[in-house]
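Listed below, chain by chain, are the residues.
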Amino acid sequence: MTIARSIIDIAIAAAEKAGARRVTRVNVIAGELRGIIPLQLTYCFGLMAENTIASGAQLGLEIVPVSGKCRRCDETFVVKEYRYICPKCQSEDVQTVSGTELRVKDIEVE
Ligand SMILES: [Zn+2]
């Protein structure tokens, strides 16, 4: 719910800044670690957009997989099922490099 709220706030602010009358689509990039359930977010988004200039806008959701970087050998890899182990050297000293992001990529207005 909070996520939907902030996406709409960002989209409306951007649309108002651009002098748009209506937001027709909002494209969002979300990391897998955010645990977003697309159907649920789309539903909340639709609900919260009601009676705003984003009412009826479509939500485009791009989920970014979790990737890690090994601090020992610098290998970058996709983390599956929370296994933070380097596939190259088996080190567990892994830094998360993507999967936590959440941002509005762009919006479409009219
Ligand atoms: Zn490694």
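Going by the structure above, here's the rest.
How each quantity is defined
- Residues numbered from 1 in each chain as written.
- Predicted model: local features only at pLDDT ≥ 70, side-chain atom pairs only at ≥ 80, totals over all residues.
- Pairing = 2+ DSSP bridges.
- Helix = DSSP H or I, 4+ residues; strand = E, 2+ residues; numbered from the N terminus.
- Axes fitted to C-alpha atoms, helices over the stretch in contact; angles between N-to-C directions.
- Buried ≥ 20, exposed ≤ 12 C-beta atoms within 10 Å, placed from the backbone.
- Expected span 1.5 Å × (residues − 1).
- Contact = placed C-beta atoms within 7 Å.
- Core = buried A, V, L, I, M, F, W, Y, C linked by C-beta atoms within 7 Å.

1. Let's talk about the sheet that holds strand 6 (residues 102–109)
Phase 1 of the analysis: The three strands are arranged 2-1-6 in an open sheet whose pairing can be described as mixed. Each of the sheet's edge strands pairs with one partner strand only, and the pair in question is strand 2 (58–64) and strand 6. Averaged over all pairs of adjacent strands, the angle between their axes in this sheet comes to 15 degrees, without regard to strand direction.
Phase 2 of the analysis: Two elements, strand 1 (residues 23–31) and strand 2, share seven bridges in a ladder whose sense is parallel.

2. Observations concerning the sheet that holds strand 4 (residues 76–78)
Phase 1 of the analysis: With antiparallel pairing, the three strands of this open sheet are ordered in space as 4-3-5. Each edge of the open sheet carries a strand with a single partner, namely strand 4 and strand 5 (94–98). Going across the sheet, the axis of each strand differs from the next one's by a mean of 35 degrees, ignoring polarity.

3. Focus: unusual backbone geometry
Peptide bonds are trans in most cases, and residues, glycine excluded, mostly fall at negative phi.
Phase 1 of the analysis: Its identity is not glycine, yet N51 carries a phi of approximately 65 degrees, on the positive side.
Phase 2 of the analysis: Relative to the elements of secondary structure, N51 occurs in the loop between helix 2 (38–49) and strand 2.
Phase 3 of the analysis: Even without a glycine there, the phi angle at D74 is positive, about 70 degrees.
Phase 4 of the analysis: Mapped onto the fold, D74 is located in the loop between strand 3 (67–70) and strand 4.
Phase 5 of the analysis: In this structure D74 comes out as exposed when scored by C-beta crowding, with 10 C-beta atoms within 10 Å.

4. A few points about helix 1 (residues 2–17)
Phase 1 of the analysis: The terminal C-alpha atoms of helix 1, which comprises 16 residues, lie 23 Å apart, in line with the 22 Å expected from a rise of 1.5 Å per residue.
Phase 2 of the analysis: Buried residues along helix 1 sit against strand 1, helix 2 and strand 6.
Phase 3 of the analysis: Directly beyond the C-terminal end of helix 1, a positive phi value near 70 degrees is found at G19.

5. With respect to the nonpolar core
Phase 1 of the analysis: Counting residues in hydrophobic clusters, the biggest one holds 15 residues, and the most contacted among them are I7, I8, A11, V23, V26, F45 and A54.
Phase 2 of the analysis: At the level of elements, helix 1, strand 1 and helix 2 are the ones that each hand at least two residues to this core.
Phase 3 of the analysis: Considering every element that reaches this core, the biggest residue donor is helix 1, with five residues.
Phase 4 of the analysis: Filtering out sequence-adjacent residues up to four positions away, A11 remains in contact with V23, V26, A54, V104 and I107.

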